[in-house]
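Architecture at a glance
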Amino acid sequence: MTDPIVSQVLASDTAVRIAGHADAGGARLAVHDPASGVAFAEVTLGAAAEAAAALDAAKRSAAGWADSPIAERAAALRAIADAVEQLAAEDEWPSLITRETGKRLAEARAELGLTVAYFRITAELLEGQSAERFDVVPGIRHEVRTKPLGVAAVLTPWNFPVSIPARKIAPAVAAGAPVLFKPSELAPLSSLVLAEVCAGHLPEGLLSTVLGTPEDVVTPWLADPAVRVVSFTGSTRVGRLVAAQAAPHFLRTVLELGGCAPFVVLPDADPAAAADTLVVAKYRNNGQSCIAANQVFVAAEVAGEFTEAFVAATRALRVGDPADPATDLGPLAPADDPARMAAIVAEAVARGARAVTTDAGLPTTGHFAAPTVLLDAPADCRAMTEEIFGPVAPVHVYRDLAEALRLHHATGYGLAGYVCGTDLDAARAVAGRLRAGIVGVNTGTPNTPWVPFGGLGNSGLGYEGGRPGLEAFQSFQSVATRPVEG
């Protein structure tokens with residue numbers, strides 16, 4: 001029997017989930033299916049009153065959860081993981097993710113699998129964390145303890161509307177912190193399902209969810225003294241606004257922002273294998289991933305074979321209904337993104353690039369964009385210097401690796417990168433020269449919940465995942481004790 005949670009969320013007309021709070025009565029928001037462009041649901045947004053109610057609920061729950069045993073918190077995380085896994089086995093939730101974001105159904109299921117992993121692995125990380133003790137000063141024992149930092153504001157994007165919230169909510173709950181959760185307006189329903197699942201296994205008030213304008217929701221949250229950490233994933237532009245609001249209150253900030261990931265094909269790379277790796281790194285999630293390959297730097301020695309293989313793979317991609325198992329690329333979630341892709345391609349072509357696209361036609365309705373390879377892309381065209389966030393791949397042939405790396409560093413971004421080569425020591429050495437928080441060597445999927453993930457420069461600060469992801473929501477207290485003699 002299908003779990004009713006997804007159906008309950010779809011039937012509800014409010015984007016507010018606060019224990020003991022009445023339904024919101026604010027503005028209405030239409031939720032669109034990017035495959036058709038047609039609205040299929042509406043939600044009522046929260047406003048200042050709902051933001052205040054969420055804050056009150058978080059403050060009431062703070063002390064009790066902060067003092068709860070580690071075993072209790074770990075058990076709650078595992079219960080959430082089990083519930084997500086059970087729901088993921090049905091069709092409703094994956095289909096809802098696909099309908100909101102345009103990602104393929106297989107990728108929606110994979111996202112829910114990653115969500116399960118975040119909750120389970122965070123439970124293990126919490127249980128493995130222990131107080132450190134040092135007997136390094138004669139007569140004094142030093143002990144380092146962890147405490148929850150305070151109420152956490154969690155602000156998430158639309159492209160991974162379940163796994164990215166999980167990556168933030170799980171460590172905050174593990175640390176003992178109440179969570180104020182604001183999902184994206186583009187894919188709110190999938191996130192609200194996660195909020196419902198989490199709330200079913202957490203104390204009342206520990207997780208409050210409000211969808212609304214930043215002015216109504218985020219601004220009052222970040223101004224309240226009880227909120228001590230904000231974790232945001234989104235564009236660099238909005239990240240700067242969040243950082244500016246956090247700075248006067250000295251809030252700890254975790255900002256996972258935009259990227260312009262280099263994909264470096266070394267002279268000794270296997271051209272066909274490198275092309276296959278780029279297909280994943282570039283086109284996964286319709287190219288709308290913060291770690292998607294952006295600048296493709298190919299050594300002249302293998303450029304011919306590599307581009308032939310990658311162009312062939314791109315031409316073979318089928319663009320269409322993301323619920324169809326035969327589809328390789330679905331629609332782009334924002335309605336104006338196809339036009340944005342077209343502008344990026346046009347600018348590069350006007351400056352000498354050659355555009356190669358899929359042989360198949362695009363659907364006549366919906367937010368679809370053709371996967372496009374830009375051959376001979378000028379080093380300073382927009383496709384090479386800005387985050388594309390879509391299925392456009394600029395290819396730039398290099399003869400001097402140092403110059404290619406200079407072009408990469410010049411963007412100011414530093415989130416992810418990729419290196420392909422058969423000499424693994426040499427490839428890892430090049431990885432070390434990239435300005436990137438995570439690098440895939442011969443793999444297009446470098447991320448895992450076990451390891452820290454974060455950006456440098458224009459790609460943000462702080463870390464998610466791994467032990468640093470848990471510690472982002474914790475404060476540390478060092479206690480020095482000298483025994484009393486006598």
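Residues numbered from 1 in each chain as written. Predicted model: local features only at pLDDT ≥ 70, side-chain atom pairs only at ≥ 80, totals over all residues. Heavy atoms only, no water.

1. Here we look at the layout of surface pockets
Estimates place the volume of the largest pocket at around 990 Å³. Of all elements in the fold, only helix H8 (218-223), strand S9 (227-233), helix H9 (236-246) and helix H12 (337-350) reach the threshold of two or more residues within the lining of the largest pocket. Sort the elements by how many residues they give to the lining of the largest pocket and H9 lands first, with five residues. Among the residues forming the lining of the largest pocket, the class breakdown is 17 nonpolar, nine polar and 10 charged. (1 Å grid on protein atoms, 1.4 Å probe; cavity = no way out; pocket = protein on both sides within 12 Å on 5 of 7 lines; lining within 4 Å. Points joined across faces, edges and corners; volume = space filled by probe spheres on them. Helix = DSSP H or I, 4+ residues; strand = E, 2+ residues; numbered from the N terminus. Nonpolar A, V, L, I, M, F, W, Y, C, P; charged D, E, K, R; others polar.)

2. Some thoughts on the packing of helix H6 (residues 163-175) against helix H7 (residues 188-199)
Contact geometry for H6 and H7: axes closest at 10 Å, N-to-C directions at 30°. In terms of their interaxial angle, H6 and H7 are classed as roughly parallel. Considering how the two elements wind past one another, H6 and H7 form a crossing that is right-handed. Together, Pro165, Ala166 and Ile169 of H6 and Ser191, Leu194 and Cys198 of H7 make up the contact between the two elements. Within the contact of H6 with H7, the residues separate by chemical class into five nonpolar, one polar and no charged. (Axes fitted to C-alpha atoms, helices over the stretch in contact; angles between N-to-C directions. Parallel < 35°, antiparallel > 145°, perpendicular 65-115°, else oblique. Left-handed = near helix turned anticlockwise from the far one by under 90°. Contact = heavy atoms within 4.5 Å.)

3. With respect to the pairing of strand S6 (residues 151-155)
Counting buried residues in S6 gives five out of five residues, a clear majority hidden from the surface. Every second residue of S6 is oriented toward a common face, with Val151, Ala153 and Leu155 on one face and Ala152 and Val154 on the other, all of them buried. Judged from the five bridges that link them, S6 and S9 form a sheet pairing that is parallel. The residue of S9 that forms the bridge with Ala153 is Val230. Pairing of S6 with strand S7 (residues 179-182), which is carried by four bridges, proceeds in the parallel orientation. Note on S7: the bridge partner recorded for Ala152 is Val179. Note that the unit made of S6, H6 and S7 has a crossover that is right-handed. (Buried < 20%, exposed > 50% of the residue type's maximum accessible area, 1.4 Å probe, protein only. Pairing = 2+ DSSP bridges. Right-handed = clockwise from strand over helix to strand, strands pointing away.)

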